[in-house]
Amino acid sequence: MNMLDTLIAAIPYIKQILREDTMIGITDRDKFLFYEPSAQIDLGIKPGDPIPSSDENLRQALSGNYSNTLIPPHIYGLPINAIAIPIKDEAGEVIGAIATAQSLENQQELEAKMSSLDQITNRLVDMVQTVAAHSEELSATSENILSNTKHAVDNSANINKTIEFIHEISNQTNLLGLNAAIEAARVGELGAGFGVVAKEVRQLSVHTKEATTNISETLTSVQQSIRQLEADFAQIVQSSQEQAVLVTDFMETIELLNQTNKQMNAFVEKLLHSN
């Protein structure tokens, strides 16, 4: 049994080793001695058919060179990786060639899906970075508002002191008005004009006291609202900080996914180039 017959007899074992769906052909220097199509690739060749002059793959192998050709899909309807290897006798003379062809459809589909996944992860990274930037901005703004709210509470306390001072002046004015009225009554008719002034002073004091009471009540209500606002913004600040931590964790996860995707792309590229 010569070398060519031995290879033909070994084809079933070769296909088991390859495991992938593979078309295999064996030629001598002029014609096909064996041809077995794959499930996807059938060139309609029969044993005894001459080697086409247009088959550069086999012509390269018959000239003693290893040949690996990527055939575009418009020729046979699908992308094909065709390989041809020279077969030599014991003297080193080329006596034929073995040719294999495998569909690259699945690999290219996988490559397309990996490219799509890469685009998706890049978009996710951009979106998360935007969310992270907004989260940091929200946190900074909330802290600034919280600080201003605390200042407002402190300032309202100073206003309380001012109201208390006005209230005290009102009391003293009322007391002065009362004393003036008593003096006006004591001097009789001569103090009538002074008594009118004293009465107006006392009324002004009463009105001032009522106004300060109303202001104090309103200010107390405002202070309560500000304190509630302060508590709400404190909660917002805490939530913003927690959100920032979550966004950071999510960014790390997305980055890990991005790295894994790049590794998968490199692996697919390696697979495609190894065929």
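Rules of the game
- Residues numbered from 1 in each chain as written.
- Predicted model: local features only at pLDDT ≥ 70, side-chain atom pairs only at ≥ 80, totals over all residues.
- Heavy atoms only, no water.
- Pairing = 2+ DSSP bridges.
- Helix = DSSP H or I, 4+ residues; strand = E, 2+ residues; numbered from the N terminus.
- Axes fitted to C-alpha atoms, helices over the stretch in contact; angles between N-to-C directions.
- Buried < 20%, exposed > 50% of the residue type's maximum accessible area, 1.4 Å probe, protein only.
- Polar contact = N/O pair within 3.5 Å; in protein donor to acceptor, adjacent residues only side chain to side chain.
- 1 Å grid on protein atoms, 1.4 Å probe; cavity = no way out; pocket = protein on both sides within 12 Å on 5 of 7 lines; lining within 4 Å.
- Points joined across faces, edges and corners; volume = space filled by probe spheres on them.
- Nonpolar A, V, L, I, M, F, W, Y, C, P; charged D, E, K, R; others polar.
- Core = buried A, V, L, I, M, F, W, Y, C linked by side-chain atoms within 4.5 Å.
- Phe/Tyr/Trp six-rings, centres within 6.5 Å; stacked < 30°, edge-to-face > 60°.

Student: Explain the sheet that holds strand 1 (residues 23-27) to me, and be specific about the residues and the numbers.
Tutor: Here 5 strands make up an open sheet; going across it, the order is 2-1-5-4-3 and the pairing antiparallel. Since the sheet does not close on itself, it has two edges, and those belong to strand 2 (32-36) and strand 3 (67-71), each with one partner. Averaged over all adjacent pairs, the angle separating strand axes in this sheet is 15 degrees, with direction ignored. Relative to strand 5 (residues 94-103), strand 1 runs antiparallel, the two sharing 5 bridges. Across the sheet, the residue bridging to Ile-24 is Thr-100, located in strand 5.

Student: If you had to explain the environment of Asn-57 to someone new, which residues and values would you point to?
Tutor: Looking at the secondary structure, you find Asn-57 in helix 2 (residues 56-62). For Asn-57, a relative accessible area of 9% corresponds to the buried category. Between the C-alpha atom of Asn-57 and that of Ala-97, which follows or precedes it by 40 residues, the distance is 9.8 Å. At 2.4 Å, the side chain of Asn-57 forms a polar contact with the side chain of Ser-67. At 3.2 Å, the side chain of Asn-57 forms a polar contact with the backbone oxygen of Ala-82.

Student: Mind laying out the layout of surface pockets, listing which residues take part and the relevant values?
Tutor: Roughly 420 Å³ of volume is contained in the largest pocket. Leu-43, Asp-55, Ile-71, Tyr-76 and Ala-82 are, among the 22 residues lining the largest pocket, the residues nearest its centre. Among the secondary structure elements, those contributing two or more residues to the lining of the largest pocket are strand 2, helix 2, strand 3, helix 3 (73-76), strand 4 (80-88) and strand 5. Grouping the constituent residues of the lining of the largest pocket by class yields 16 nonpolar, 4 polar and 2 charged.

Student: For the nonpolar core, give the residues involved together with the corresponding values.
Tutor: In this structure, Leu-58 and Ile-80 are the most contacted members of the largest nonpolar core, which totals 18 residues. Among the elements of the structure, strand 2, helix 2, strand 4 and strand 5 are those that each provide at least two residues to this core.

Student: Could you give an account of the packing of aromatic side chains, with specific residues and numbers?
Tutor: Counting across every chain of the model gives 1 aromatic pair. Pairing Phe-32 with Tyr-35 gives two aromatic rings, centres 6.4 Å apart and planes at 90 degrees, and the pair type is edge-to-face. Here Phe-32 and Tyr-35 have matching classes, each one buried.

Student: Outline the pairing of strand 4, listing residues and values.
Tutor: The buried fraction of strand 4 amounts to 7 of the 9 residues, a majority that puts the element mostly inside the structure. In this sheet, strand 4 lies alongside strand 3 in antiparallel orientation, the contact comprising 5 bridges. Looking across to strand 4, one finds that Leu-70 is bridged to Asn-81. Pairing of strand 4 with strand 5 involves 9 bridges; the strand directions are antiparallel. The partner of Ala-84 across the bridge, within strand 5, is Ala-99. If you look at the hairpin formed by strand 4 and strand 5, you'll find 5 residues sitting between the two strands, and Gly-92 has a positive phi there, around 90 degrees.

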